[in-house]
Structure formats: structure tokens, C-alpha cells
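# Observations on chain architecture
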Amino acid sequence: MPAPPRTIPSSLALRGVRWLRSSYSTGANNCVETARPTAGPSAGLLAVRDSKAPDGPALLFPPDAWARFLTAVR
């Protein structure tokens, strides 16, 4: 089984996902957004994109890796 991709050139390729913005985000669009794809090769991963470039790339993380990252930056 091949490893899932770690990036997607355009987050628009993740169809049918609901992007969520941090509650700490301001109205200036200066935050990240996350989504949980449920289908395709990205299913089960956490997608992260820049809210200023919603059609730009998305990074993909296993949920436990994202949780460890958030714990480390808090």
C-alpha cells in the first residue's frame, strides 16, 4: 500500500470537505483552516491550508501528529 500524499497542490482538489477556521482568527484572514477528508487517498488525514490562499496547497497530517504539534506550540 503506497504512502498517502503529504501535500496537495490545490486544496480545491479536496472536494466535499468542510474547512474550519480557528476561533482565534481575526477578520483579516490571517489564520489556517483545517478539514478532515473522508474519501480518497487523503481520507483519515487532517488537511491544513492558509486562509489567505484557499485555492493554494494543503498539507496533510495524521491526526495524532497534528495533535502533538498543537500541544508543542501551546
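Structure's up top.
Residues numbered from 1 in each chain as written. Predicted model: local features only at pLDDT ≥ 70, side-chain atom pairs only at ≥ 80, totals over all residues. Heavy atoms only, no water.

### Considering the overall build of the protein chain
The secondary structure content of the protein chain amounts to one helix and five strands. Overall, the protein chain shows an N-to-C arrangement of helices and strands of β-β-β-β-β-α. Here the protein chain, with 74 residues, has 30% of them falling under the buried criterion. Contacts spanning at least 24 positions in sequence make up 38% of the contacts within the protein chain whose residues lie at least 6 apart. Surface accessibility of the protein chain: about 5300 Å² in total, with carbon and sulfur atoms responsible for 60%. In the protein chain, which carries 9 positive and 4 negative side-chain charges, the distance between the mean positions of the two groups comes to 5 Å. (Helix = DSSP H or I, 4+ residues; strand = E, 2+ residues; numbered from the N terminus. Buried < 20%, exposed > 50% of the residue type's maximum accessible area, 1.4 Å probe, protein only. Contact = heavy atoms within 4.5 Å. Areas by Shrake-Rupley, 256 points an atom, 1.4 Å probe, with all protein chains shown as cover. Lys, Arg positive; Asp, Glu negative; His and termini not counted. Charge placed at Lys NZ, Arg CZ, Asp CG, Glu CD.)

### Describing the sheet that holds strand 2 (residues 20-21)
Strand order in this open sheet of five strands is 1-5-4-3-2, and the pairing throughout is antiparallel. If you trace the sheet from one side to the other, it starts and ends with strand 1 (7-8) and strand 2, each paired once. Looking at chain direction, strand 3 (residues 32-35) and strand 4 (residues 46-50) are connected through four bridges and run antiparallel. By the bridge assignment for strand 4, Val32 is matched with Asp50. (Pairing = 2+ DSSP bridges.)

### Observations concerning the nonpolar core
If you look at the biggest cluster of nonpolar residues, it comprises nine residues: Ile8, Leu14, Val17, Trp19, Ala35, Leu45, Ala47, Ala58 and Leu60. Here Val17 is in contact with Ala35, Arg36 and Pro37, once residues within four sequence places are set aside. (Core = buried A, V, L, I, M, F, W, Y, C linked by side-chain atoms within 4.5 Å.)

### As for the packing of aromatic side chains
Under the definition given, this model contains two aromatic pairs. Consider the rings of Phe61 and Trp66, whose centres lie 5.4 Å apart with planes at 40°: the pair is tilted. Every member of this aromatic cluster is reached through a ring pair, and the members are Phe61, Trp66 and Phe69. (Phe/Tyr/Trp six-rings, centres within 6.5 Å; stacked < 30°, edge-to-face > 60°.)

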